[in-house]
Amino acid sequence: MGERGTVSMPAHATESSAGPPLDVAAHARSICAGVDWQAPLPPAARDAGWRLQRLVKRALDIVASAAGLVLLAPVFVVVGIIVKATSRGPVFYEWRVLGLRGTPFVGYKFRTMGVDADELKARYLDRNEMSGPVFKIRDDPRVTPFGRWLRKYSVDELPQLWSVIRGDMSLVGPRPVYAEEFVNYEPWQRGKLAVTPGITCLWQVSGRSDIREFSTWAAMDLEYIQNWSLWLDLRILLRTLPAVFGGRGAY
């Protein structure tokens with residue numbers, strides 16, 4: 001893990017539709033090509049029973065996310081109108097990240113920052129509250145007033161249900177990462193991309209940004225991968241609701 005202050009593009013802190021620079025994207029691809037993606041998986045991953053559970057997980061993801069998009073459609077409309085009415089810019093933020101085994105994809109969130117957030121980021125790098133290759137600050141001045149509420153209760157994350165239907169994400173799994181972050185990972189930390197990333201995870205239900213050490217975050221993701229089961233996913237989903245409603249560690 002890099003030293004404190006060694007920061008690239010922030011996770012959940014930069015809102016620009018531009019993808020990573022070509023050299024960074026190429027570097028990320030070259031790193032992914034050399035990763036042993038089987039190593040982080042548990043021994044059970046070689047068994048037919050484990051693979052069957054993964055198929056069931058995928059089926060449940062599709063059903064639950066499709067139902068969620070239908071039921072939450074009125075919420076999407078209201079939130080979209082407020083985002084558009086309260087700040088200049090698009091309703092959705094195009095989230096260009098890496099998923100399973102470093103595969104790049106574009107996800108979507110409700111926009112929570114001003115359109116000039118990318119240009120302003122350099123002003124606040126010295127305020128980073130996370131160690132390692134991620135950037136998070138409390139009371140980020142680039143976040144809009146309504147965006148702050150969206151983040152506190154993770155409402156900005158709801159459009160990711162579409163990424164779940166597409167197969168780029170799962171309901172539960174390690175969070176996707178920016179290429180700019182990934183190239184600064186220590187080798188052992190790269191294993192968090194050995195499975196499909198998720199909307200919620202152990203980090204999400206254990207304090208989120210209150211966990212300041214990225215190494216702790218990465219270790220939680222690898223613990224999840226090693227101990228994965230459908231029952232573990234259910235437990236994380238059940239813990240997600242009180243974590244979200246409580247707004248703990250969200251900013």
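Residues numbered from 1 in each chain as written. Predicted model: local features only at pLDDT ≥ 70, side-chain atom pairs only at ≥ 80, totals over all residues. Heavy atoms only, no water.

A. Local environment of the pairing of strand β2 (residues 104-110). Two elements, strand β1 (residues 92-98) and β2, share seven bridges in a ladder whose sense is antiparallel. Bridge pairing links Trp-95 to Gly-107 in β2. (Pairing = 2+ DSSP bridges. Helix = DSSP H or I, 4+ residues; strand = E, 2+ residues; numbered from the N terminus.)

B. Representation of the pattern of salt bridges. Applying the stated criterion across every chain yields a total of seven salt bridges. Residues Glu-157 and Lys-109 are paired through a salt bridge, measuring 4.0 Å at the closest nitrogen-oxygen approach. Of this pair, Glu-157 sits in the loop between α5 (145-152) and α6 (160-166) while Lys-109 sits in strand β2, and the two are 48 residues apart along the sequence. Per residue, the accessibility class of Glu-157 equals that of Lys-109, and both read buried. A salt bridge links Asp-168 to Arg-166; the shortest N-O distance between them is 3.3 Å. The exposed category is assigned to Arg-166, whose relative accessible area is 53%. Residues participating in the shared-partner salt-bridge network are Lys-109, Glu-157 and Arg-175. (Salt bridge = Lys/Arg side-chain N within 4 Å of Asp/Glu carboxyl O. Buried < 20%, exposed > 50% of the residue type's maximum accessible area, 1.4 Å probe, protein only.)

C. Broad picture of the nonpolar core. Counting 46 residues, the largest nonpolar core has Trp-37, Leu-41, Leu-98, Phe-182, Tyr-224 and Ile-236 as its most contacted members. Elements represented by at least two residues in this core include exactly α1 (22-33), β1, α6, β3 (170-172), α7 (179-182), α8 (202-205), α9 (214-226) and α10 (230-246). Beyond its immediate chain neighbours, meaning those up to four positions away, Leu-41 contacts Trp-50, Ala-194, Val-195, Ile-225 and Gln-226. In terms of nonpolar packing, the next biggest core, distinct from the first, is built from eight residues, Phe-76, Val-83, Val-91 and Leu-150 among them. (Core = buried A, V, L, I, M, F, W, Y, C linked by side-chain atoms within 4.5 Å. Contact = heavy atoms within 4.5 Å.)

D. Molecular detail of unusual backbone geometry. Positive phi is not limited to glycine here, since Arg-101 has a value of about 55°. Among the structural elements, Arg-101 can be located in the loop between β1 and β2. A relative accessible area of 40% means that Arg-101 is categorised as partly exposed. Positioned with a positive phi, Ser-154 is a non-glycine residue whose angle comes to about 60°. Among the residues examined, Ser-154 registers a relative accessible area of 9% and is labelled buried.

E. A look at the packing of aromatic side chains. Across all of its chains, the model carries nine aromatic pairs by this definition. Between Trp-149 and Tyr-153 the ring centres are 5.7 Å apart and the planes differ by 55°, which places this aromatic pair in the tilted class. Geometrically, the ring pair formed by Tyr-185 and Phe-214 is tilted, given 5.0 Å between the ring centres and 40° between the ring planes. Remark: Phe-214 occurs in helix α9 and Tyr-185 occurs in the loop between α7 and β4 (198-200); sequence separation between them is 29 residues. In terms of burial, Tyr-185 and Phe-214 fall into one category: buried. What links up through ring pairs into an aromatic cluster is the set Phe-182, Tyr-185, Trp-203, Phe-214 and Trp-217. Its guanidinium or amino end placed over the ring of Trp-228, Arg-54 lies 4.5 Å from that ring's centre, counting from NZ or CZ. (Phe/Tyr/Trp six-rings, centres within 6.5 Å; stacked < 30°, edge-to-face > 60°. Lys NZ or Arg CZ within 6 Å of the ring centre and 35° of its normal.)

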